[in-house]
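# Results of the structural survey
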Amino acid sequence: MAGTSFSRLSTANSYDNALRNLQTRQTALANLQENLTSGKRVVVASDDPTGAAQAERSLTRMSRIAADQRALEAQRNSITQAEGTLGDITDALQNFRELMVSAGNGSHTPAERKTIALQLTGLREQILSYSNRKDTNGLPLFGALASGPVPIQGPQSTDPDYSFDGLPGQRVSNEVAIPFTLDGDSAFMHQTARDGVYNVTLSTIPTGRTLQTSNVVVNNNALVNGASYSIAITGVDTTTVPGTTTVTYSVTENPSVSGPIAPQTASYPSAQPGTIAVTAMPGLTLSMTGTPAAGDTITVDPSPSIFSVMDDAIRDLGGAANANAATQAVSQALHNIDIGMERISAVRGQAGDLLNRADRITDNQSKRSVQLEADRSRAEDLDMIKGVADFQNQQTGYQAALQSYAQVQKLSLFN
């Protein structure tokens, strides 16, 4: 007997399948709609764990770049302010120099020279205040590696008269940052072997006789020890050799570092002012020009800072008894101020280099941010064209599912 097969359709099962399909498509459609609304393919980490991790790493690096850029802007502002301050100092020193040149006019009286010295004092105080200027955060602009609230201390009654209160040196830049201070020690303080800044003063030379000195020249840095020197004319002989003047002088070192210095002699034709080269100071030379006499003294003192140079100029000019002393003071001051301005100009050049480096860092960080944003976008952003197409396809499928569910709902046992 042939077997007869029967198949049973469960109406409830058909309803469940249709409803499950409808809910699945509705959920997918809602997810696509959320993706389109947010513009992201990965809304939650479960959508794509790998893409979410890549996007998170990119966002973290971008946040770090943004923080570095904020710090760099603060550093850039400080260096910009420091560079501008060095420009103000240079302008003030130029005014100081011009006043010194005018003070060299031989027609000035001692009272007029004292008036000019008062003007110079005001400029020196202004420059000193510039050197201790602070940035918007209250930090010294010229604090070097580390310093107190006031880097340049002075004038002081002890030796040296001005000092740098801190740790000299310049911080190095890195790939994301530049220093926020400049080296005030390098800008304003002098080193005898490196800079050779000495102030040379004379004892009072009577009117009618002249005696000047050249500027001190460093001819051997290794021998320079930072000591002061006193040159005393001990004898002038114009009779032993007719037509020749022989000058005997002593050189005393204070403090005595090199040991006793033997008495020196020099000769020149009596018919004209003499030029005597003083070479007994270790590593240093200068020349005396004029008509020296027994009892004349010359003092050679190192100037440890640009402020010391200005104070020496103010003191020597204001106390100049005659044109000979004023000329000596002006000559020394102009030479030493020029050396100080060269040091300041060099540090100002370093500030310019730092600002250029800050611009390059900003440019590089901007390029890195663009690259990281592209990486993040590839990891989590939605391809809008593909997203719209998928949404339309899913919407069509959802409509078909609705219609299928409506047809299934009309079925009965009779049908």
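Quick summary incoming for the structure in this document. (Residues numbered from 1 in each chain as written. Predicted model: local features only at pLDDT ≥ 70, side-chain atom pairs only at ≥ 80, totals over all residues. Heavy atoms only, no water.)

## Comments concerning the nonpolar core
Put simply, the rule is: Note on terminology: a nonpolar core comprises buried Ala, Val, Leu, Ile, Met, Phe, Trp, Tyr and Cys residues joined through side-chain atoms within 4.5 Å. We call a residue buried when its accessible area falls under 20% of the maximum for its residue type, exposed when it is over 50%, and partly exposed in between, using a 1.4 Å probe and counting protein chains only. A run of H or I in DSSP counts as a helix once it spans at least four residues, and a run of E counts as a strand once it spans at least two, with each numbered from the N terminus. Contacts were defined at the residue level, with two residues in contact if any of their heavy atoms lie within 4.5 Å.
Grouped together as the largest cluster of nonpolar side chains are 52 residues, with contacts concentrated most on F96, M100, L182, F188 and F307. Those elements giving two or more residues to this core turn out to be helix 2 (49-103), helix 3 (110-131), helix 4 (184-188), helix 6 (306-318) and helix 7 (323-380). Of all the elements, helix 7 adds the most residues to this core, at 14 residues. In this structure F307 touches I127, L128, S131, I152, Y162 and F188, once residues within four positions along its chain are discounted. Listed in part, the 24 residues of the second largest apolar core include I205, Y229, Y249 and L286.

## A closer look at the pattern of salt bridges
Side-chain pairs of opposite charge can arise where the charged atoms are in close proximity. Keep this limit in mind: Only one rule defines a salt bridge in this text: a Lys or Arg side-chain nitrogen within 4 Å of an Asp or Glu carboxyl oxygen.
Evaluation of the coordinates by the stated rule reveals eleven salt bridges. Salt-bridge contacts for R124 lead to D311; the nearest nitrogen and oxygen are separated by 2.9 Å. Taken as a pair, R124 in helix 3 and D311 in helix 6 lie far apart in primary sequence, 187 residues in all. Here the two residues R124 and D311 agree in accessibility, since each one is buried. In this structure, a network of salt bridges that share partners links the residues E73, R76 and D359.

## Quick look at the pairing of strand 10 (residues 284-290)
How we decide: Two strands are counted as paired when DSSP detects at least two bridges linking them.
Counting buried positions along strand 10 gives five out of seven residues, so the element sits mostly inside the fold. Across three bridges, strand 4 (residues 211-213) lies against strand 10 in antiparallel orientation. Bridge assignment links T213 to a residue of strand 10, and that residue is M288. Note that strand 5 (residues 217-218) and strand 10 share two bridges and pair antiparallel. Looking across to strand 10, one finds that V217 is bridged to T285. Pairing analysis gives five bridges linking strand 9 (residues 274-278) to strand 10, with the strands arranged antiparallel.

## A closer look at unusual backbone geometry
Here G154 and P155 are connected by a cis peptide whose omega angle stands at -5°. Mapped onto the secondary structure, P155 falls in the loop between strand 1 (146-153) and strand 2 (163-167). At the junction of D159 and P160, the peptide bond is cis and its omega measures out at 5° in the coordinates. With respect to the helices and strands, P160 occurs in the loop between strand 1 and strand 2. Here the phi dihedral of A144 falls at roughly 60°; this positive angle occurs in a residue that is not glycine. As for its position among the elements, A144 is in the loop between helix 3 and strand 1. For A144, a relative accessible area of 3% corresponds to the buried category.

## Considerations on the layout of surface pockets
To keep things clear, this is the line we draw: In the cavity and pocket records, a cavity denotes points on a 1 Å grid over the protein atoms alone where a 1.4 Å probe fits but cannot get out, a pocket denotes an open set with protein on both sides within 12 Å along at least 5 of 7 lines, and lining residues are residues with an atom within 4 Å of a point. Grid points are joined across faces, edges and corners, and a volume is the space filled by probe spheres set on the points. Three residue categories are used. Nonpolar comprises Ala, Val, Leu, Ile, Met, Phe, Trp, Tyr, Cys and Pro, charged comprises Asp, Glu, Lys and Arg, and polar comprises the others, including Gly.
When its volume is computed, the largest pocket comes out at roughly 280 Å³. Taken together, 17 residues line the largest pocket, and the ones lying closest to its centre are D159, P160, D161, P302 and P304. For the lining of the largest pocket, the elements supplying multiple residues, two or more each, are strand 11 (297-302) and helix 6. Across the lining of the largest pocket, the residue classes tally to four nonpolar, nine polar and four charged. Considering only enclosed or pocket space, the second largest pocket measures out at about 230 Å³ in volume. Around the second largest pocket, the lining is made up of 16 residues, and of these L202, D316, G319, A320 and A325 lie nearest the centre. For the lining of the second largest pocket, the element with the highest residue contribution is helix 7, accounting for four residues. Looking at the lining of the second largest pocket, its residues break down into seven nonpolar, seven polar and two charged.

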